[in-house]
Amino acid sequence: MNVALGGTFDPVHDGHRALFERAFELGDVTVGLTSDDLAPNTRQDERHIRSFDERRADLAAELERVAETHGRSWDIRELAEPTGIATEPQFDTLVVSPETETGGKRINEIRRERGLDPLELEVVPHVRADDGDIISSTRIVNGEIDEYGNLTPERDGREQST
């Protein structure tokens with residue numbers, strides 16, 4: 001099975017790892033990583049996002065580890081638009097989080113318009129931090145939690161690039 005998922009992944013955290021784990025359970029994985037131009041437009045909040053190359057390097061390290069466990073192959077492709085790679089015919093399944101499920105449904109509308117079969121949408125539940133709230137990159141960048149959901153009251157958050 002060919003599995004797609006996408007995101008900004010800045011920084012990678014346990015919520016992302018749950019998506020990766022499920023994707024590799026299902027098949028070979030292609031991850032769409034938002035471009036430097038697209039990444040800021042996918043955020044509800046304004047915050048510094050590391051460069052594509054930095055994010056790609058961290059993402060590749062995570063994918064290599066999980067793929068090896070499952071004996072699967074993987075690839076990272078740059079996303080220039082929100083619907084990205086998932087509108088391409090070779091994919092069978094799209095792994096999404098609860099907040100990106102609507103985007104997955106939109107991708108299936110586009111696929112139908114193009115005469116393609118819809119993707120199976122695999123919704124992976126949120127991973128919770130120690131305080132019961134959702135682990136998110138924004139919370140990590142703001143210094144509330146670390147990538148594993150541990151509370152980090154001593155942190156101030158990520159330094160901003162100038």
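Up top you'll find the structure we're talking about.
Residues numbered from 1 in each chain as written. Predicted model: local features only at pLDDT ≥ 70, side-chain atom pairs only at ≥ 80, totals over all residues. Heavy atoms only, no water.

## Regarding unusual backbone geometry
- Cis geometry is found at the peptide bond from Asp-10 to Pro-11, where omega equals -5°.
- Inspection of the secondary structure assignment puts Pro-11 in the loop between β1 (2-7) and α1 (14-26).
- A positive phi angle, near 55°, is found at Phe-9, a position not held by glycine.
- By the secondary structure assignment, Phe-9 is in the loop between β1 and α1. (Helix = DSSP H or I, 4+ residues; strand = E, 2+ residues; numbered from the N terminus.)

## Looking at the packing of aromatic side chains
- Scanning all chains against the criterion turns up 1 aromatic pair.
- Where Phe-9 meets Phe-20, the ring centres are 5.4 Å apart and the plane angle is 50°; that geometry is what we call tilted. Of this pair, Phe-9 sits in the loop between β1 and α1 while Phe-20 sits in helix α1; the two residues are 11 residues apart in sequence, bridging distant segments of the chain. (Phe/Tyr/Trp six-rings, centres within 6.5 Å; stacked < 30°, edge-to-face > 60°.)

## Overview of the sheet that holds strand β4 (residues 93-96)
- Read from one edge of the open sheet, 5 strands run β3-β2-β1-β4-β5, paired in parallel fashion. The sheet terminates laterally at β3 (74-79) and β5 (120-123), the two strands that pair on one side only. Taking each pair of neighbouring strands and ignoring which way they run, the sheet shows an average axis angle of 25°.
- In the sheet, β1 pairs with strand β2 (residues 28-34) via 6 bridges, with the strands oriented parallel. Bridge pairing links Gly-6 to Gly-32 in β2.
- Relative to the sheet, helix α2 (residues 52-70) contacts β2 and β3, its axis offset from that of β3 by approximately 155°.
- Here helix α3 (residues 101-113) sits on the sheet in contact with β4 and β5, set at roughly 175° to β5. (Pairing = 2+ DSSP bridges. Axes fitted to C-alpha atoms, helices over the stretch in contact; angles between N-to-C directions. Contact = heavy atoms within 4.5 Å.)

## Here we look at the pattern of salt bridges
- Within this structure, the stated rule accounts for 15 salt bridges.
- With its nearest N and O atoms 2.5 Å apart, the salt bridge here joins Asp-10 to Arg-50. Of the two residues, Asp-10 is situated in the loop between β1 and α1 and Arg-50 in the loop between β2 and α2; the sequence distance between them amounts to 40 residues. The pair Asp-10 / Arg-50 is uniform in exposure class, with both members buried.
- Among the salt bridges present, the one from Arg-55 reaches Asp-36, with a minimum N-O distance of 3.4 Å. Residue Arg-55 is located in helix α2, and its partner Asp-36 is located in the loop between β2 and α2; the two are separated by 19 residues in the primary sequence. (Salt bridge = Lys/Arg side-chain N within 4 Å of Asp/Glu carboxyl O. Buried < 20%, exposed > 50% of the residue type's maximum accessible area, 1.4 Å probe, protein only.)

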